[in-house]
Amino acid sequence: MSENNREIHDVVMVGAGPSSLSAAIYTTREDIDTLLIEKGVIGGLAAITDKIDNYPGFPDGVSGLELSENLRKQAEKFGAKIMLGEVTKITGEGETKRLDTTEGTIYAKTVLLATGTDHRKLGVPGEEEFYGRGVHYCATCDGAFYRDKKLVVVGGGNSAAQESLFLTRYASHIDMLVRSDKMRASDVLINKLQENDKITIHLNTTTDEIVGDNTGVKKVVGTDKIKGQKVEFECDGVFIFVGLNPNTSFLKDSAIELDEAGFIKTNSRLETNVPGVFASGDVRSGATMQIATASGEGATAALMIREYLEN
Amino acid sequence: MSQNITVYTTNSCAYCGMVKRWLDTKGYAYQEINLEEQPERQQEVLEMSGSLSVPVTVVNAANGSKSIAVGYNIGKLASML
Ligand SMILES: Cc1cc2nc3c(=O)[nH]c(=O)nc-3n(C[C@H](O)[C@H](O)[C@H](O)COP(=O)(O)OP(=O)(O)OC[C@H]3O[C@@H](n4cnc5c(N)ncnc54)[C@H](O)[C@@H]3O)c2cc1C
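Residues numbered from 1 in each chain as written. Chains lettered and ligands numbered in written order. Predicted model: local features only at pLDDT ≥ 70, side-chain atom pairs only at ≥ 80, totals over all residues. Heavy atoms only, no water.

All names here are of chain A. Around the ligand, 34 residues are found, and the nearest of them are Glu 38, Leu 45, Asn 54, Asp 282 and Ile 291. Between the ligand and Ser 19 there is a distance of 2.9 Å, counted from an oxygen atom to a backbone nitrogen or oxygen. The fraction of the free accessible surface of the ligand (1,000 Å²) that becomes covered by protein chains is 94%. Secondary structure elements with two or more residues in the shell around the ligand: helix H1 (18-29), strand S3 (34-38), helix H2 (44-47), helix H5 (158-167) and helix H7 (291-310). For the shell around the ligand, a count of residues per class yields 13 nonpolar, 16 polar and 5 charged. Taken domain by domain, the makeup of the shell around the ligand includes at least three residues from each of domain 1 (2-118 + 244-310) and domain 2 (121-240). (Near = heavy atom within 4 Å. Polar contact = N/O pair within 3.5 Å; in protein donor to acceptor, adjacent residues only side chain to side chain. Areas by Shrake-Rupley, 256 points an atom, 1.4 Å probe, with all protein chains shown as cover. Helix = DSSP H or I, 4+ residues; strand = E, 2+ residues; numbered from the N terminus. Nonpolar A, V, L, I, M, F, W, Y, C, P; charged D, E, K, R; others polar. Domains from an automatic or database assignment.)

Structure representation (structure tokens):
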């Protein structure tokens with residue numbers, strides 16, 4: 001629909017991860033004109049995950065890339081449009097929302113914010129210096145460069161566990177450095193790690209520095225917190241999975257309310273404090289950070305958006 | 001001579017797929033070099049980009065200049081073409 005010669009979409013979804021792709025399947029089937037804007041990978045973090053074992057309906061698991069491709073196809077089949085670009089600002093112009101993007105200005109009656117999260121940096125010496133030549137955050141992208149090499153994985157959550165298992169396809173050995181006294185991953189993953197003789201888990205071990213030379217990374221220096229001793233792990237590369245930060249920096253000058261950690265606050269209808277602006281998936285305050293729940297929230301948000309548009 | 005674009009990739013890299021998709025939507029032709037299938041070419045990428053992290057996109061412009069993007073960054077890619 002257009003007003004003063006400018007096109008106004010019924011809904012613009014920021015991000016094209018599982019949450020907004022699921023939302024788009026619902027809105028397009030209701031004939032709601034739907035545009036998604038994606039700055040990274042279509043499919044979001046799910047697309048860069050090797051294998052997903054806990055998404056309902058796939059008893060043998062499904063590759064993240066395949067699930068993402070299917071979600072994209074399903075949304076596009078019903079008429080969703082996906083634009084490759086980044087949303088840099090959102091402002092209200094009366095009932096209409098204005099989105100500044102790298103591809104120009106876009107207008108919408110409603111907005112779904114489903115921008116997910118991004119990898120957190122560790123913040124230790126050497127991390128920046130060796131980024132891309134020994135320090136990595138994406139196992140499915142760069143794991144293949146470590147065939148028969150030694151790796152360190154930093155982190156003790158589900159992502160670190162899952163990615164370590166993927167990296168054993170290539171690496172000869174992996175030292176996992178876990179800061180706390182136990183892993184935060186699911187029992188299924190912990191069991192798989194313990195059964196894998198290529199992986200050694202070091203609990204109570206901090207990562208203090210990544211050391212190398214002009215040929216790349218040589219070792220990771222940490223501290224064994226129990227013994228209070230410095231420990232060193234020789235390696236050719238380091239993969240870091242130490243948590244996720246919300247992708248909300250583009251909202252900092254907007255009226256949209258965030259929680260202390262920067263996640264978007266919503267009510268039970270998944271609407272933010274700005275009427276007509278909704279949020280779903282990992283970026284929403286209180287989200288449970290799973291593909292199934294991100295998809296479910298997307299479906300809920302779509303139904304709330306339909307109701308908003310009808311009124 | 002017109003510009004020449006090369007994208008270095010690995011098999012399971014989703015960001016590599018996005019670079020190719022972005023180039024396709026903008027109508028640019030490119031050649032792909034899969035570093036998992038051609039590991040002997042990894043050193044050349046490391047030397048050229050200072051990085052062994054894919055995707056790496058190399059644009060050799062018609063005037064002979066060369067620009068390189070590591071990762072999938074639409075703004076950077078657009079400025080190179
Ligand atoms: C290594 C790893 C393994 C995982 N394994 C599992 C698993 O086995 N099972 C499971 O259920 N979950 C898993 N997860 C979690 C799962 O990937 C997420 O819960 C899910 O992807 C969240 O979906 P989303 O749509 O909310 O956000 P995301 O998938 O993060 O997608 C958000 C999208 O928004 C885009 N975006 C951000 N800002 C902007 C902007 N300003 N403009 C335009 N686009 C923007 C991003 O590029 C991104 O593509 C894993 C996560 C990681 C990191």
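Having seen the model, we can carry on.
Of the residues lining the interface, 21 residues belong to chain B; the matching set on chain A comes to 25 residues. Between Glu103(A) and Lys26(B) there is a salt bridge, and its shortest N-O distance comes to 3.6 Å. If you look at where chain B meets chain A, you find 7 residue pairs in polar contact (both at pLDDT 80 or more). Secondary structure elements with two or more residues in the side of chain B that touches chain A: helix H1 (14-26) and helix H2 (42-49) of chain B. With 7 residues, the single largest contributor to the side of chain B that touches chain A is H1(B). (Contact = heavy atoms within 4.5 Å. Salt bridge = Lys/Arg side-chain N within 4 Å of Asp/Glu carboxyl O.)

Below, the discussion takes up the sheet that holds strand S15 (residues 205-213) of chain A. Residues and elements named next belong to chain A. Taken in spatial order, the 3 strands make up an open sheet running S15-S16-S17, and their pairing is antiparallel. Bordering the open sheet on either side are S15 and strand S17 (229-234), each of which pairs with just one other strand. The average undirected angle you get between the axes of adjacent strands in this sheet is 25°. Pairing between strand S16 (residues 216-224) and S17: 6 bridges, direction antiparallel. What sits directly across from Val 221, in S17, is Glu 232. (Pairing = 2+ DSSP bridges. Axes fitted to C-alpha atoms, helices over the stretch in contact; angles between N-to-C directions.)

Attention now goes to the packing of aromatic side chains. All names here are of chain A. On inspection of all chains with the given rule, the structure shows 5 aromatic pairs over all chains. For the ring pair Tyr 131 and Tyr 137, a centre distance of 5.7 Å and an interplane angle of 45° mean the geometry is tilted. Taking the centre distance of 5.8 Å and the plane angle of 75° together, the rings of Phe 166 and Tyr 170 count as edge-to-face. By the burial criterion, Phe 166 is buried, and Tyr 170 matches it. Of note, Arg 29 hangs over the ring of Phe 78, and the distance from its end group to the ring centre comes to 4.9 Å. (Phe/Tyr/Trp six-rings, centres within 6.5 Å; stacked < 30°, edge-to-face > 60°. Buried < 20%, exposed > 50% of the residue type's maximum accessible area, 1.4 Å probe, protein only. Lys NZ or Arg CZ within 6 Å of the ring centre and 35° of its normal.)

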